[in-house]
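A look at the structure
Read off the chains here:
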Amino acid sequence: MSREVLEALLAARVVPALAELQAYVPDQETVPVRLDANEAPALLPTLSVEERALWDRTLSEVEPARYPDVRARALRRAIAHRGGVDPEGLVIGCGSDEVIAILLAALARPVSGPPKIVIPTPTFVMYRISARVHGYEVCEVPLDARWDLDRPAMLAALERERPAVVFLATPNNPTSGAYAYESVAAIAEAAARIDPPSLVVVDEAYLAFRQAGADPWAGRTGLELLARHANVVVLRTLSKIGLAALRVGYAVAHPLLARELEKARLPYDLPAHSQVAATLALGALAPAIDRHVAAIGRERARVVAALQSRSEVECDAERTHANFAWVRADGAADLAAGLKQKGVLVRTFKAYPDRFRVSFGSEVENARFLAALGELR
Ligand code: PMP
């Protein structure tokens, strides 16, 4: 009986989008070399004795009996200082995943029908999942043959759909390429002109790696677009530079928008350990983070060159700007299964059967990946 009640409740009250979604469950089997989640390789072994002592001491001093600082003031100052941004424009969340959810929760007001998002595809899956959970319709615009934005199609979708939000990840996940700056700027400008305007989220989760190579944006970032268009939000995260366990992501927005978004954020979302560790990583340990990013950049050059020297796989160096490669290989799912058997985890995509995504790990991890690949193909 009680199960029937629950079934009736679920059928009538759960948002319909959940029926079409799956809970996000990454492959968590024990595989020695995990290159499937765009994380950085282990950070702690790269710290000097002094850096390690500072890390240990700082974390050990967190008092567990007290709630964390609601406004994350020290971390806010550190992010603002390092990024050269207004601390009042920051919305810091438990990973940029949470910031995406906050943005969508805040902008879900129906405007002549349900709210919509426009996204290029393929792109980061959480835009779609979070949007569906929050009652949005999702308009997907395929990337062009070079995995760049189809600018006319994006502009047409903007005019037609009048979305609340457009998400542009640059470099993009899973394709690793940076979108043409001019396309992102044109979309931001067009989104400001429509009535009511759309929000354009420029997701720079992989910014550090774009800048670790020949930056196709020539040093410009989403912050320049935000300075020109208040309907732009820049999204960043510490997850890719060696700090994924902390779950710290943030939006840089106009302070007026940040003030509204703060109302939709859960008060104690960012744990105290994460706040102190992230503050340290952006301050006294910033040189260690910079070294780590530079090392990943060097590994990227090495792995991409190795991939390019093989005829059975293809990897476009010109369009690899993140900490992972988007590799073409016939039968990618079988290849990934073979790699897993040899202890190396990469990511495959049902919609792209001839592609896999592989993060750049440590020198040892990358050597194992390349050796396993060589044995299989
Ligand atoms: N944006 C993009 C483009 C991503 O690829 C990811 C992580 N896969 C995120 C945001 C989320 O990062 P986090 O929640 O760890 O900050």
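It should be emphasised that the depicted structure is a prediction, and the values quoted were computed from it without experimental measurement.

Interfaces are frequently sized by the accessible area removed from exposure as the parts join. The domains assigned to the protein are domain 1 (24-47 + 287-376) and domain 2 (63-282). Each of domain 1 and domain 2 has a C-alpha centre, and the two are 25 Å apart. The partner domain 2 presents 28 residues to the 22 residues of domain 1 that form the contact. In this assembly, domain 1 packs against domain 2 so that about 2,200 Å² is buried in total across both faces, 59% of it on carbon and sulfur atoms. Summed over the three residues of domain 1 that lose the most area to domain 2, namely Arg-319, His-321 and Trp-326, the buried surface amounts to 32% of that side. The tally of links between domain 1 and domain 2 comes to 2 salt bridges. Asp-148 is paired through a salt bridge with Arg-319; the nearest N and O atoms lie 3.9 Å apart. On inspection of domain 1 and its partner domain 2, the count reaches 11 residue pairs in polar contact (both at pLDDT 80 or more). Mapped onto the side of domain 1 that touches domain 2, the elements with two or more residues apiece are helix H12 (286-308), strand E10 (324-329) and strand E13 (355-359). Among the elements that line the side of domain 1 that touches domain 2, the one with the most residues is H12, at 6 residues. Here the residues of the side of domain 1 that touches domain 2 sort into 11 nonpolar, 5 polar and 6 charged.

As a further point, take the packing of helix H13 (residues 332-341) against helix H14 (residues 363-376). Two quantities define a packed helix pair, namely the angle between the axes and the distance from one axis to the other. Contact pair H13 / H14: the axes reach a minimum separation of 10 Å and the direction vectors enclose 120°. Classified by the angle their axes make, H13 and H14 are oblique. Handedness of the H13/H14 crossing: right-handed. Together, Leu-335, Gly-338 and Leu-339 of H13 and Phe-369, Ala-372, Leu-373 and Leu-376 of H14 make up the contact between the two elements. When the residues that make up the contact of H13 with H14 are grouped by side-chain class, the tally is 6 nonpolar, 1 polar and no charged.

The subject of this paragraph is the packing of aromatic side chains. A ring pair, where both rings are aromatic, is described by two values, the distance of the centres and the angle of the planes. Following the criterion strictly, the structure yields 10 aromatic pairs and no others. Taken together, a centroid distance of 5.4 Å and an interplanar angle of 85° make the contact between Trp-147 and Trp-326 edge-to-face. Highlighted residues: Trp-147 in the loop between strand E4 (137-142) and helix H6 (151-161) and Trp-326 in strand E10, separated in sequence by 179 residues. A relative accessible area of 21% means that Trp-147 is categorised as partly exposed. Taken together, the ring pairs in this structure connect Trp-147, Trp-326, Phe-349 and Tyr-352 into an aromatic cluster. Just above the ring of Tyr-181 sits the side chain of Arg-220; from NZ or CZ to the centre is 3.9 Å.

Read across the sheet, 4 strands follow the order E9-E10-E13-E12 without closing on themselves; strand pairing throughout is antiparallel. Edge strands, defined here as strands with exactly one partner in the open sheet, are strand E9 (313-314) and strand E12 (347-348).

Around the ligand lies a shell of 14 residues, among which Asp-203, Tyr-206, Thr-237, Ser-239 and Arg-247 are the nearest. Within the contact set of the ligand, an oxygen atom lies 2.8 Å away from a side-chain nitrogen or oxygen of Asn-173. The side chain of Ser-239 places a nitrogen or oxygen atom 2.6 Å from an oxygen atom of the ligand. In isolation the ligand has 400 Å² of accessible area, and contact with the protein removes 92% of it. Looking at the shell around the ligand element by element, the count peaks at 3 residues for helix H4 (residues 95-106). Among the residues forming the shell around the ligand, the class breakdown is 5 nonpolar, 5 polar and 4 charged.

Criteria and thresholds
Residues numbered from 1 in each chain as written. Predicted model: local features only at pLDDT ≥ 70, side-chain atom pairs only at ≥ 80, totals over all residues. Heavy atoms only, no water. Domains from an automatic or database assignment. Contact = heavy atoms within 4.5 Å. Buried area = accessible area lost by both parts, 1.4 Å probe. Salt bridge = Lys/Arg side-chain N within 4 Å of Asp/Glu carboxyl O. Polar contact = N/O pair within 3.5 Å; in protein donor to acceptor, adjacent residues only side chain to side chain. Helix = DSSP H or I, 4+ residues; strand = E, 2+ residues; numbered from the N terminus. Nonpolar A, V, L, I, M, F, W, Y, C, P; charged D, E, K, R; others polar. Axes fitted to C-alpha atoms, helices over the stretch in contact; angles between N-to-C directions. Parallel < 35°, antiparallel > 145°, perpendicular 65-115°, else oblique. Left-handed = near helix turned anticlockwise from the far one by under 90°. Phe/Tyr/Trp six-rings, centres within 6.5 Å; stacked < 30°, edge-to-face > 60°. Buried < 20%, exposed > 50% of the residue type's maximum accessible area, 1.4 Å probe, protein only. Lys NZ or Arg CZ within 6 Å of the ring centre and 35° of its normal. Pairing = 2+ DSSP bridges. Near = heavy atom within 4 Å. Areas by Shrake-Rupley, 256 points an atom, 1.4 Å probe, with all protein chains shown as cover.

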